[in-house]
Amino acid sequence: QVQLVESGGGLVQAGGSLRLSCAASGNIFDDNVMAWYRQTPGKQRDLVASITNSGSTHYVAYVKGRLTISRNGAKNTVYLQMISLKPEDSAVYYCYVSGRSRGSVAYSRLADWGQGTQVTVSS
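Now for a quick tour of the structure.

## Remarks on the overall build of the protein
No. 1: Counting secondary structure elements, the protein contains zero helices and 11 strands.
No. 2: Secondary structure of the protein in N-to-C order comes out as β-β-β-β-β-β-β-β-β-β-β.
No. 3: Taken over the C-alpha atoms alone, the protein extends approximately 50 × 25 × 25 Å along its principal axes.
No. 4: Across the 123 residues that make up the protein, the buried fraction comes to 41%.

If you want it as structure tokens, here you go:
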């Protein structure tokens, strides 16, 4: 069973920066994708960015270069560097991981949602 633990959130003034971390314990396979999602009250949990084991990244359009996803593959850790933060970035940020064994044709989600980490950006 893979466990996810997010950290690094906090209170920050608009224009500031934060670096979120997510550590995945357990086997996530060599072929995998790690991602960050976000959720605000009254809204669904939405994808922010993802990164594969080979380093290929994907970002949703609203990020506009302010967020950067990266990973330390050896320790199954994914990061989200956040700069020029805006109040609308305030949300709970969650980690996600999917993987695929050599005998599988599709990726499978490998872990339940963790507790998330709260990001609050003040004006």
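Having seen the structure, we can now continue with the description.
## Looking at the pairing of strand β4 (residues 31-39)
No. 1: Taken across its nine residues, β4 has seven buried, putting it largely inside the fold.
No. 2: Strand direction decides the pairing type here: β4 and strand β5 (residues 46-52), joined by six bridges, are antiparallel. Bridge pairing in β5 links Trp36 to Ala49.
No. 3: In textbook terms, the turn of a hairpin is the stretch between consecutive antiparallel strands, and for β4 and β5 this stretch comprises six residues, one of which, Gly42, has a positive phi near 80 degrees.

## Some remarks on the sheet that holds strand β8 (residues 77-82)
No. 1: Strand order in the open sheet formed by four strands is β1-β3-β8-β7, and the pairing between neighbours is antiparallel. The outermost strands of the open sheet, each flanked by one partner alone, are β1 (3-7) and β7 (67-72). For this sheet the average axis-to-axis angle between neighbouring strands, irrespective of direction, equals 15 degrees.
No. 2: Of the strand pairs in this sheet, β1 and strand β3 (residues 18-25) are connected by five bridges, and their pairing is antiparallel. In the strand pairing of β3, Ser7 is matched with Ser21.

## Things to note about the environment of Ser50
No. 1: Take Ser50: it is sitting in strand β5.
No. 2: Judged by relative accessible area, Ser50 falls into the buried class, the value being 14%.
No. 3: Sequence spacing of Ser50 and Tyr37 is 13 residues, and the spatial spacing of their C-alpha atoms is 8.9 Å.
No. 4: The residues contacting Ser50, other than those within four sequence positions of it, are Val33, Met34, Ala35, Ser56, Thr57, His58 and Ile69.

Calculation criteria
- Residues numbered from 1 in each chain as written.
- Predicted model: local features only at pLDDT ≥ 70, side-chain atom pairs only at ≥ 80, totals over all residues.
- Heavy atoms only, no water.
- Helix = DSSP H or I, 4+ residues; strand = E, 2+ residues; numbered from the N terminus.
- Buried < 20%, exposed > 50% of the residue type's maximum accessible area, 1.4 Å probe, protein only.
- Pairing = 2+ DSSP bridges.
- Axes fitted to C-alpha atoms, helices over the stretch in contact; angles between N-to-C directions.
- Contact = heavy atoms within 4.5 Å.

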